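Okay, here's what each chain looks like letter by letter:
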Amino acid sequence: MTPSTHTSAPHVRKRGGNTVEPYLYLLPFAIFFALFVIYPVGYGFFVSLHRWDLLADTRPFVGFEYYKNLFTPGTPQAEFFWNSMKNTVFFTAVSVPLLVFTSLGLALLLYRPIIGRAFFRAVFFLPGILTVSVMGILWRWMFDNQIGMVNAARTEIFGLQPLAFLSVEGLAWVPIIIGTVWWTIGFNMTLYLAALGNISQSYYEAAELDGASAWAKFRFITWPLLAPITLFVVVTTALASFQLFGQSLVITAGGPNRSTQSTIQYITEEAFTNNQFSSASAMAFMFGLVMLIFTFLQFRIMARDARGEN
Amino acid sequence: MRTRHLLTLMLTAAAGTASAAYSGPKVSLTFLHGFTGADRPVMERLISQFNTSHPNIQVRAQAQPWGTTWQQLPSLVASGRAPDVVVINEDQITNFIARGAVSPLTAAELKSAGINTASFYGPLFKTADYEGKSYGLPVSSVAYVMFYNKDLMKKAGLDPNKPPRTREELLKATQACTVDKSGKKAGQAGFDAKNLDTWGISLYNNWVGSRAAYAAILQNGGALTDKSGNAAFDSPQAVEAVQFLVDLVQKHGVARPNSTEEAELAAFSQGKVCFFPSGQWYLDRFEQQKMNFGVAFMPRVGTKQDAAWGGSSHLTLPKQRANYDKNKRLAALEFMNWLTQPAQNLTWTSTGSLPTQAGVAKNAKFASAPISGVFAKLGNIYATSGVPWMGQVLTPFDNAWANAYSGKKSVKQALADGVSEANKQIVQARKSFQ
């Protein structure tokens, strides 16, 4: 089922015409798509059904054994995979609202003609150009248990005890989530700024004539007209959050006790530390399936909203 | 030019006694290694030296990050396009050997290439052994050592030229170094272990930190794995040894709880901690800071033997397709022998690597170098290798250390949980080798 209603453009066909031509235009993309998407995905699925090692003499077919492992209590795969899923979902659930509403708030502030507007836009956008390792090391230092700036502020300014951010379960999420918001907020903000620029001023003028409050203007004009872009921002941010990898890898290495280990990090560990390629492939497919269902539901719910209020 | 001639002459003299150098037709070898940092130009210089002195062998080197090599090597070998010589590190090597990616070096081959395996440090050379066969020559070596701050030791009333060597000495020295912010010493009434001004030893929670536990376990006669390859780092010897380290934090208050590598590194650089056990790769950093420091072998906190963790890189010959040119293999052995000769190994130590053989460690160049403090015991450095599933053992081990160190679990519980996690993964891994 296609989520959008706008995909069926009118079909134009040259009379008595050439039906090969459009396919020729599509061909280069189709080749690359087949080569770099369809084939690897199919191959990956094939790998997940065998006990796979490129170097082994035999690669026996084991069916869904590696998928079954994920649902058999007591196996490390079941324990750590679902633990990493829980971590990833937690991260997504916390970071997506933060990333959507904070970026919207920033965009609303920076859309107005305030002094230094360009400067502030740049300030919020710039962290996004850093690589994840730079960003990760920066926030790891900021939140270091002993020498971090955050703990220095807690003890020197507020006279509080330092917190072991990097070695206490739960607390370890703080640097990861704050770091991620700081790192990626600029992109969403820029999307919102562009969308705000597309709202006709005449709506606001009309609202003002009717004596609408600032909140009413936001509630009944800005928010509904931003619905399509909000859908886009929520979906892309959620998918990006699901792919959490570098931030927790660099800041906490997935610890303490795998409490911040993301699904992708665990899949990587299974593949390249444990050399269990089939098991890792099975996990990747399971993870992909969960994301697919999640995205589908999100589209169903939010696309209805976006259409309904347009 | 002159020095090069001299060097060539010396080399021919050295090699001439034991081996007939490669004399076959001209061949070209591909050489894949992961020395991509400051060590890269040194390796490139060595290779061009080799090419000049061996007109009938041309080595073409390719440097790429280690991780990329681990990912590519299986498919290169499987498709018969493996490089002629590949450098593999200690934590990966047994896995690649067990999977058949690397071919064994037979005693006859080693002999005819003039390679004297006895000249290397024993445990270092054995890192690349598996089921009684040798698979690689060590070309580079790093190790876990103990840095000590001489100024701070003097201040604490310790002899800065006598770093602690035993468990008792370590405990005494660390207690002498530990003073809280109100000036009370460790062990005194009212001593506040949570607010330390200076302290005895750096322990911390990551994989580097867990190498202290690794050393302690080996020193006590324990091991990470047993004879059949199962995880076994919860033996009574292991628990006893790790308990001593954890007690330094929780009972004696001479190490900081919940610390990180960065924090301890900064503290040692600022002269706040007497002993900093870590990788020898920090040597350069402390030398550049002009610190007054020394380097010692890990004190013997166990009762059985001296031991410390070490990492190493080994020159290996990957498995090739059936019609592989035999001359290439002979030439590759020649290259391996040349690159690991004392003269070349000495050059290589300028990258920060430790000597791979006693003959190099004796060089006058090291006489007054701080690192020479560990040279007498380079033969007691043990790499984490020997089972094909080292990753499955090390990740749970590192987590177990973190849990014990932070006090989240008792030492016994932490190690037992780690072993049970590792062994569950090993059950799975074993199937790959059936």
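Just so we're clear, the structure is a prediction, and the values are computed from it rather than from any experiment.

Participant: What is the right way to look at the state of the cysteines in this model?
Facilitator: Linking two cysteines covalently through their sulfur atoms gives a disulfide. Residue and element names in this part refer to chain B. What the rule picks out here adds up to one disulfide over all chains. Disulfide pairing is shown between Cys 177 and Cys 274; the S-S distance is 2.0 Å. One disulfide, between Cys 177 and Cys 274, carries an S-S torsion of -85 degrees and so falls in the left-handed class. Residue Cys 177 is located in helix H8 (residues 167-177), and its partner Cys 274 is located in strand S9 (residues 273-279); the two are separated by 97 residues in the primary sequence. Given a relative accessible area of 2%, Cys 177 falls into the buried group. Looking at Cys 274, the relative accessible area reads 0%, which means it is buried.

Participant: Would you mind showing me how to read the interface of chain A and chain B here?
Facilitator: The figure often quoted for interface size is the accessible area lost as the parts come together. Of the residues lining the interface, 32 residues belong to chain A; the matching set on chain B comes to 33 residues. Of the roughly 2,800 Å² buried between chain A and chain B, counting both surfaces, carbon and sulfur atoms make up 45%. Of all residues in chain A, Leu55(A), Gln146(A) and Asn257(A) give up the largest surface area on contact with chain B, accounting jointly for 23% of the area buried on that side. At the boundary of chain A with chain B, the tally comes to five salt bridges. One salt bridge in this structure joins Arg99(B) and Asp53(A), with 2.6 Å as the shortest N-O distance. Here the side of chain A that touches chain B is built from residues that sort into eleven nonpolar, eleven polar and ten charged.

Participant: What am I meant to see in helix H5 (residues 132-142) of chain A here?
Facilitator: Residues spaced three or four apart along an α-helix face the same direction, because each turn holds 3.6 residues. Within H5(A), burial applies to Met135(A), Gly136(A), Trp139(A) and Arg140(A). Taken around the axis of H5(A), the buried residues stretch over an arc of 130 degrees, which confines them to a single face. Looking at the buried side of H5(A), the elements it contacts are helix H7 (173-197) and helix H11 (246-251) of chain A together with helix H11 (261-269) of chain B.

Participant: Quick question: what am I supposed to make of the domain arrangement of chain B here?
Facilitator: Residue and element names in this part refer to chain B. The assigned domain composition of chain B is domain 1 (4-136 + 317-353) and domain 2 (144-309 + 384-431). Taken over C-alpha atoms, the centre of domain 1 sits 34 Å from the centre of domain 2. On the side of domain 2, eight residues touch domain 1, which itself brings ten residues to the contact. Across the interface of domain 1 and domain 2, roughly 620 Å² is buried in total on both sides, 47% from carbon and sulfur atoms. For the pair domain 1 and domain 2, the interface holds zero salt bridges. Across the contact surface, domain 1 and domain 2 share four residue pairs in polar contact (both at pLDDT 80 or more). Sort the elements by how many residues they give to the side of domain 1 that touches domain 2 and helix H4 (residues 90-98) lands first, with six residues.

Participant: So what exactly am I meant to see when it comes to the UniProt feature "domain: ABC transmembrane type-1" (unreviewed entry) in chain A here?
Facilitator: Feature annotation in UniProt assigns "domain: ABC transmembrane type-1" (unreviewed entry) to the following positions: residues 85-298 of chain A. The span residues 85-298 of chain A shows a helical share of 73% and a strand share of 0%, and its end C-alpha atoms are spaced 18 Å apart.

Participant: Quick question: what am I supposed to make of the UniProt feature "transmembrane region" (unreviewed entry) in chain A here?
Facilitator: Residue and element names in this part refer to chain A. In the numbering used here, UniProt assigns the feature "transmembrane region" (unreviewed entry) to residues 23-46, 89-111, 118-139, 172-199, 220-242 and 277-297. Across residues 23-46 one finds 100% helix and 0% strand; the C-alpha atoms that close the span lie 29 Å apart. For the annotated span residues 277-297, helix accounts for 100% and strand for 0% of the residues, and the straight-line distance between the end C-alpha atoms is 30 Å.

Participant: It is not clear to me how the layout of surface pockets should be interpreted in this structure. Could you clarify?
Facilitator: A volume near 930 Å³ is recorded for the second largest pocket. What lines the second largest pocket is a set of 31 residues, and nearest its centre among them are Asn145(A), Gln146(A), Pro162(A), Lys194(B) and Arg256(B). The set of elements that each furnish at least two residues to the lining of the second largest pocket consists of helix H6 (149-156) of chain A together with strand S8 (196-201) and H11 of chain B. Among the elements that take part in the lining of the second largest pocket, H6(A) stands out by supplying four residues, more than any other. When the residues that make up the lining of the second largest pocket are grouped by side-chain class, the tally is 15 nonpolar, eleven polar and five charged.

Conventions adopted
- Residues numbered from 1 in each chain as written.
- Chains lettered and ligands numbered in written order.
- Predicted model: local features only at pLDDT ≥ 70, side-chain atom pairs only at ≥ 80, totals over all residues.
- Heavy atoms only, no water.
- Disulfide = S-S within 2.5 Å.
- Helix = DSSP H or I, 4+ residues; strand = E, 2+ residues; numbered from the N terminus.
- Buried < 20%, exposed > 50% of the residue type's maximum accessible area, 1.4 Å probe, protein only.
- Contact = heavy atoms within 4.5 Å.
- Buried area = accessible area lost by both parts, 1.4 Å probe.
- Salt bridge = Lys/Arg side-chain N within 4 Å of Asp/Glu carboxyl O.
- Nonpolar A, V, L, I, M, F, W, Y, C, P; charged D, E, K, R; others polar.
- Arc of directions from axis to C-beta.
- Domains from an automatic or database assignment.
- Polar contact = N/O pair within 3.5 Å; in protein donor to acceptor, adjacent residues only side chain to side chain.
- UniProt positions renumbered as here; feature names shortened; annotations may be inferred.
- 1 Å grid on protein atoms, 1.4 Å probe; cavity = no way out; pocket = protein on both sides within 12 Å on 5 of 7 lines; lining within 4 Å.
- Points joined across faces, edges and corners; volume = space filled by probe spheres on them.

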